[in-house]
Structures are given as structure tokens and as C-alpha cells.
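Residue-level structural notes
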Amino acid sequence: MSSWRIRGGMLSLERPLVMGILNVTPDSFADGGRYNTPATAAARAVHMVAEGAAVLDIGAQSTRPGATCLSAEEEWARLEPCLAAVRAAVDVPLSVDTFHPEVAAHALEAGAHIINDVSGSERNGMLHVAARYGAGIVCMRAGDVADRTALPAQTIADMHGYIRRIAAAATAAGVSPEALCLDIGVGFGSSTAGDLALIARLRDFIEYGFPLLVGASRKRVVKEVCLPQSEEELVHGSVALHTAAMLNGAHVVRVHDVAATVVAARAVEELRKARSI
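Residues numbered from 1 in each chain as written. Predicted model: local features only at pLDDT ≥ 70, side-chain atom pairs only at ≥ 80, totals over all residues. Heavy atoms only, no water.

What to know about the pattern of salt bridges
Where charged atoms of side chains with opposite charge meet at close range, the side chains can pair. Where we set the bar: Definition used for salt bridges: Asp or Glu carboxyl oxygen within 4 Å of a side-chain nitrogen of Lys or Arg. Counting from the N terminus, the helices are the DSSP runs of H or I reaching at least four residues and the strands are the DSSP runs of E reaching at least two. Throughout this description, buried means an accessible area under 20% of the type-specific maximum (1.4 Å probe, protein chains only), exposed means over 50%, and partly exposed covers the range between.
For the structure shown, the criterion picks out 10 salt bridges. We note a salt bridge from E270 to K273, for which the minimum N-O separation is 3.3 Å. Taken together, the positions of E270 and K273, both in helix α10 (residues 258-274) and 3 residues apart, correspond to about one turn of that helix. Of the residues examined, E270 reaches a relative accessible area of 46% and is grouped as partly exposed. A residue is classified by how much of its surface remains accessible, and K273, at 44% relative accessible area, is partly exposed.

Spelled out as C-alpha cells, the structure:
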């Protein structure tokens, strides 16, 4: 595939896209509380776009283990003012990170272009929201806690099964195949070995014809594999895994550290070109 349909247009996938993470939460694991006012969110958005982010993913509810689960009303009350401020400050596609269909609908009406649903979108009606608004949607293999003990081969098999199910469900809901993007779910319902297998075998999933998103930024897999001793080394480890993912075919990488990842994406693009020489 060469493009991804989002609300109001198409995103080219000729080169890897860097999606910048903007948490407007008090409790996210990497940067909770730093950007949870309209002013700080807008300033952070401007900074990430200047660094080269092609898309911004705004989340008002943390999905870290043990985080408080907000109602749709509470989440939208937190998200609305920050989304409005970001929308006024930057001119790139905006994704809203939510598993509440009501919040997704409000955000799309307020100017968002993409839904990013970590729940898997199989049972919450999110696919119908995407279809109704003509939005792009990221659907993630969510897994569960029990899956973290699964062998890597089982994690790969589970991903294949999820893709087949969600593709069928999206079609049934009226979502254009061009609008569907798949997140392999690094850090959700898989072991560290399983996460590595998903990244290493990413090309196994390209055959389905959907854009693939990888989000390993500052997650457990980076800490356990790269053994960072500082925040700087945590950034380096995250960039290393995202570089591997892009070389293996990832179309979108979702990251906290935009500038370093954009540099890596440029190198990946040139390496891809070199394959055809």
C-alpha cells in the first residue's frame, strides 16, 4: 500500500511516518503531567511538528498498568481543551488515542482525523464510528495479561488471527480497507520475546495489505533488551527498535522522541532505496 486514508485526505506511506505521542494526562508512564494543559500541549505539539512529526497522537487516558480508568465523560473533559489548543497551533493530521467511541466521535467532530484504539476495536463499536466519520483507524492487537507468558510463536499466530478478524469486522462495519492501520501491540499482552518476534517478523504481516504501526517507545521491551542506564540511553534503545521495525516494513512508528526517530527514518528511507540499486 502507498497511502493511508484518514478523515479529509490521504497520508503517503512512501516513506516511514513518525507519529509523535502527546499525553495530556497526569499519569502516563513516560511524561505524565508535563503537557496536560492547553498551553503546554500546544507548545509540545508545535515542538514535535518542528522536529518532523507527520502525525500527532493525543491521549487523555493513560494505559499503563494500574492506571485509573476514566469514563468517557471524564476523558473528554480532559481532552477537549487540549485538542482545541493543538488543533489551532499545528497543521498536521491529529490522532486521538481512546477506547471510548463517544470520545472518538467528539474528537472527530472537533477536528481529529484518526482514531487510535488500543482495545482492539472488536467489541466496542469503534469501527462504526470510524466508518460514520470516514476516519482513519489504528486497531491494535490488545492481548491480555495471560498472553504475556505465551511463546513467541503463539504471539505471531495470535497476530495473524487478529488481523483476519479485525479486517472482516472492519469490512462489515463499513470501514474502507484503505482507512485501516494495524498496530502489532508491542507491550500489550505479549512477553519481551514475543514483542521482539513481532518486530523481527513484521514482514509476515505485510501480505495482508494494511499499513503497520509499531510503538515500542520507552516500553518494557526497550528496558529489558537494551538495559538503559539513563533517560538518554532509553531514547537510544527506543530509536534502535523503531529503526529495526522500519527496516522490516513498519509504515508508522509511534514515539515520544521525534527528532531522533526522524533522523533514523531518513536513514531507513535511503537504505530502502539502496535495495533496488
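Concerning the nonpolar core
Applied cut-off: Note on terminology: a nonpolar core comprises buried Ala, Val, Leu, Ile, Met, Phe, Trp, Tyr and Cys residues joined through side-chain atoms within 4.5 Å. It only takes one pair of heavy atoms within 4.5 Å for two residues to be counted as in contact.
Of all hydrophobic cores here, the largest spans 75 residues; its most connected members are L22, L56, L79, V86, I137, I184 and F205. Counting residues per element, this core draws most heavily on helix α5 (residues 152-173), which supplies 8 residues. When residues no more than four places from it in sequence are discounted, the contact partners of I184 are R141, M159, L198, I199, L202, F205, L213 and V214. Formed by 12 residues, the second largest nonpolar core is a distinct cluster that contains W4, I6, L17 and C181.

Points about α10
To keep things clear, this is the line we draw: To estimate how far a helix should extend, the number of its residues minus one is multiplied by 1.5 Å.
Under the 1.5 Å per step criterion, the end-to-end length of α10 is 24 Å for 17 residues, consistent within 8% with the ideal 24 Å. Looking at the packing, one finds that the buried side of α10 touches β3 (17-23), α1 (38-51), α9 (231-247) and β10 (252-255).

So, the sheet that holds strand β6 (residues 114-117)
This is how it is decided: Should DSSP find at least two bridges between two strands, the strands are taken to pair. To get an axis, a line is fitted to the C-alpha atoms, and for a helix only the part in contact is used. The angle between two axes follows their N-to-C directions and goes from 0 to 180 degrees.
Taken together, the 8 strands give a closed barrel; going around it, the order is β3-β4-β5-β6-β7-β8-β9-β10, and neighbouring strands pair in parallel fashion. Ignoring which end each strand starts from, the neighbouring axes of this sheet average 25 degrees apart. Direction of pairing for strand β9 (residues 212-214) relative to β10: parallel, over a ladder of 2 bridges. Across the sheet, L213 pairs through a bridge with V252, a residue of β10. Contacting β7 (136-140) and β8 (180-183), α5 runs over the sheet at an angle of about 155 degrees to β8.

Re the side chain of R44
Formally: Counting rule applied: Lys, Arg positive; Asp, Glu negative; His and chain ends not counted.
Tracing the sequence through the fold places R44 in helix α1. Although R44 is buried, it makes no salt bridge; E51 carries the closest opposite charge, 4.8 Å away. Once residues lying within four places of it in the same chain are set aside, the contact partners of R44 are L22, Y35 and H256.

Comments concerning unusual backbone geometry
One non-glycine residue, S121, lies in positive phi territory at about 65 degrees. By secondary structure assignment, the location of S121 is in the loop between β6 and α4 (126-133).

A word on the packing of α9 against α10
Spelled out, the test is: By the definition adopted for this analysis, an angle is roughly parallel if under 35 degrees, roughly antiparallel if over 145, roughly perpendicular if from 65 to 115, and oblique otherwise. Left-handed describes a crossing in which the near helix is turned anticlockwise from the far one by less than a right angle; the clockwise case is right-handed.
Between α9 and α10, the shortest axis-to-axis distance is 10 Å and the interhelical angle comes to 30 degrees. The angle between the axes of α9 and α10 places the two elements in the roughly parallel class. In the crossing of α9 with α10, the sense of the turn from one axis to the other is right-handed. Contact residues: V235, V239, T243, M246 and L247 in α9; A260, T261, A264, A265, V268, L271 and R272 in α10.

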